[in-house]
Amino acid sequence: MKLTRERIVDAGMAVFAEVGYQNLSMRQVADRLDAHAGSLYYHVRGKEELLALMADRVCRQAYDAATAALAALPPTATWQDRVEAQATALRLSISQHPGGAQLLAESPGMLSPGALSLMERLLRTLLDAGLPAGHCGIAADTLLSHVTGFVLQEQNQPTAPPDVTAELYADLCARFPLVMGPLIPRLDPDEKFARSIRLLCTGFTALS
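Residues numbered from 1 in each chain as written. Predicted model: local features only at pLDDT ≥ 70, side-chain atom pairs only at ≥ 80, totals over all residues. Heavy atoms only, no water.

So what exactly am I meant to see when it comes to the overall build of the protein here?
When its secondary structure is counted, the protein shows 11 helices and zero strands. Beginning at the N terminus, the succession of helices and strands in the protein can be written as α-α-α-α-α-α-α-α-α-α-α. Taking the principal axes of the C-alpha coordinates as reference, the protein spans close to 60 × 55 × 30 Å. Expressed as a percentage of its 208 residues, the buried residues of the protein come to 36%. A separation threshold of at least 6 residues defines the contact pool for the protein, and within that pool the share at least 24 residues apart is 71%. On the protein, roughly 12,200 Å² of surface is accessible, and the fraction owed to carbon and sulfur atoms is 58%. (Helix = DSSP H or I, 4+ residues; strand = E, 2+ residues; numbered from the N terminus. Buried < 20%, exposed > 50% of the residue type's maximum accessible area, 1.4 Å probe, protein only. Contact = heavy atoms within 4.5 Å. Areas by Shrake-Rupley, 256 points an atom, 1.4 Å probe, with all protein chains shown as cover.)

Could you clarify how one ought to interpret the packing of helix α4 (residues 47-71) against helix α5 (residues 79-95) in this entry?
Relative orientation and spacing of two packed helices are given, respectively, by the angle between their axes and the distance between those axes. The geometry of α4 relative to α5 is characterised by a closest axis approach of 8 Å and an angle of 140° between their N-to-C directions. With respect to their mutual orientation, α4 and α5 come out oblique. Where α4 crosses over α5, the handedness of that crossing is right-handed. Mapping the contact onto sequence places Val58, Gln61, Ala62, Ala65, Ala66, Ala69 and Leu70 in α4 and Arg82, Ala85, Gln86, Ala89, Leu90, Ser93 and Ile94 in α5. (Axes fitted to C-alpha atoms, helices over the stretch in contact; angles between N-to-C directions. Parallel < 35°, antiparallel > 145°, perpendicular 65-115°, else oblique. Left-handed = near helix turned anticlockwise from the far one by under 90°.)

Honestly, the pattern of salt bridges in this entry has me stumped. Any pointers?
Proximity of charged atoms lets side chains of opposite charge pair with each other. Tallied over the full model, the rule gives 12 salt bridges. Close ionic contact of glutamate 6 with arginine 57 constitutes a salt bridge, the shortest N to O distance being 2.7 Å. Within this pair, whereas glutamate 6 is found in helix α1 (residues 5-23), its partner arginine 57 is found in helix α4, the two being separated by 51 residues in sequence. A salt bridge links glutamate 154 to arginine 91, with the nearest nitrogen and oxygen atoms 2.7 Å apart. Highlighted residues: glutamate 154 in helix α8 (residues 133-155) and arginine 91 in helix α5, separated in sequence by 63 residues. Under the relative-accessibility criterion, glutamate 154 is labelled partly exposed at 27%. A cluster of three or more residues bridged by salt bridges with shared partners is formed by Arg5, Arg45 and Glu49. (Salt bridge = Lys/Arg side-chain N within 4 Å of Asp/Glu carboxyl O.)

Explain the side chain of arginine 121 here, please?
Tracing the chain through its elements places arginine 121 in helix α7 (residues 113-128). Buried within the structure, arginine 121 lacks any salt-bridge partner; aspartate 64 is the closest side chain of opposite charge, at an N-O distance of 6.8 Å. Residues within four places of arginine 121 in sequence aside, it is in contact with Tyr63, Ala66, Thr67, Leu70 and Gln86. (Lys, Arg positive; Asp, Glu negative; His and termini not counted.)

Would you take a moment to explain the nonpolar core for this structure?
A general feature of soluble globular proteins is that nonpolar side chains tend to end up buried together. In terms of nonpolar packing, the biggest core is built from 47 residues, with Val29, Leu50, Met54, Leu103 and Leu126 touching the most fellow members. With eight residues, the single largest contributor to this core is α4. (Core = buried A, V, L, I, M, F, W, Y, C linked by side-chain atoms within 4.5 Å.)

For this particular structure, what's the right way to read the side chain of threonine 125?
Relative to the assigned elements, threonine 125 resides in helix α7. Assessed through its relative accessible area of 6%, threonine 125 is described here as buried.

Honestly, the packing of aromatic side chains in this entry has me stumped. Any pointers?
By the definition in use, this model includes one aromatic pair. Taking the centre distance of 5.1 Å and the plane angle of 70° together, the rings of phenylalanine 150 and phenylalanine 193 count as edge-to-face. Pair noted here: phenylalanine 150 is in helix α8 and phenylalanine 193 is in helix α11 (residues 189-205), with a separation of 43 residues, a long-range link. The same class applies to phenylalanine 150 and to phenylalanine 193, which are both buried. Across from the ring centre of phenylalanine 193, 5.0 Å away, lies the NZ or CZ of arginine 91, which sits over that ring. A cation over a ring is seen here: arginine 121 above tyrosine 63, with NZ or CZ 3.7 Å from the ring centre. (Phe/Tyr/Trp six-rings, centres within 6.5 Å; stacked < 30°, edge-to-face > 60°. Lys NZ or Arg CZ within 6 Å of the ring centre and 35° of its normal.)

Now the structure itself:
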């Protein structure tokens, strides 16, 4: 098949999911496409541009998903609802790409139209909510960092619980009763995420 920028980004995403940010190379991407590495440079200048294109793709998908989620909100939706809709769309979008959260977390300097669009709309939501402009940047960064970190934890969860003896488990419960005991509710990931976004918004409200 003819090499295109889109195909190269597809291959880059697949390789990135396997080897991560530091180990990604244009040669590996070329091998995935059964092409010569030199032929990739007609479409992408190098690894840094490829990473920027990959991050941009994830951000554009998240932006489009959030656009649909915002359009589905009722007219009575609050600014907190609008923030939650955007955060949830970002979480789902980067979760669909193995390594997507790592890509966004490790390439903050790679500005792209997709990433800028996400930030611009989030900043507008916070400004329209009455947050002082001086706090909006920190609030938006905190939200985006939280979403990325949440997905990183989700994507790095072990497939099976740790194998511990009954004696060790009892000892851990005795030493760490709040972490291991029944007092603190155990929430499923979706509910935990939703509550965490609402908690952040509650804190932001104090700034307005």
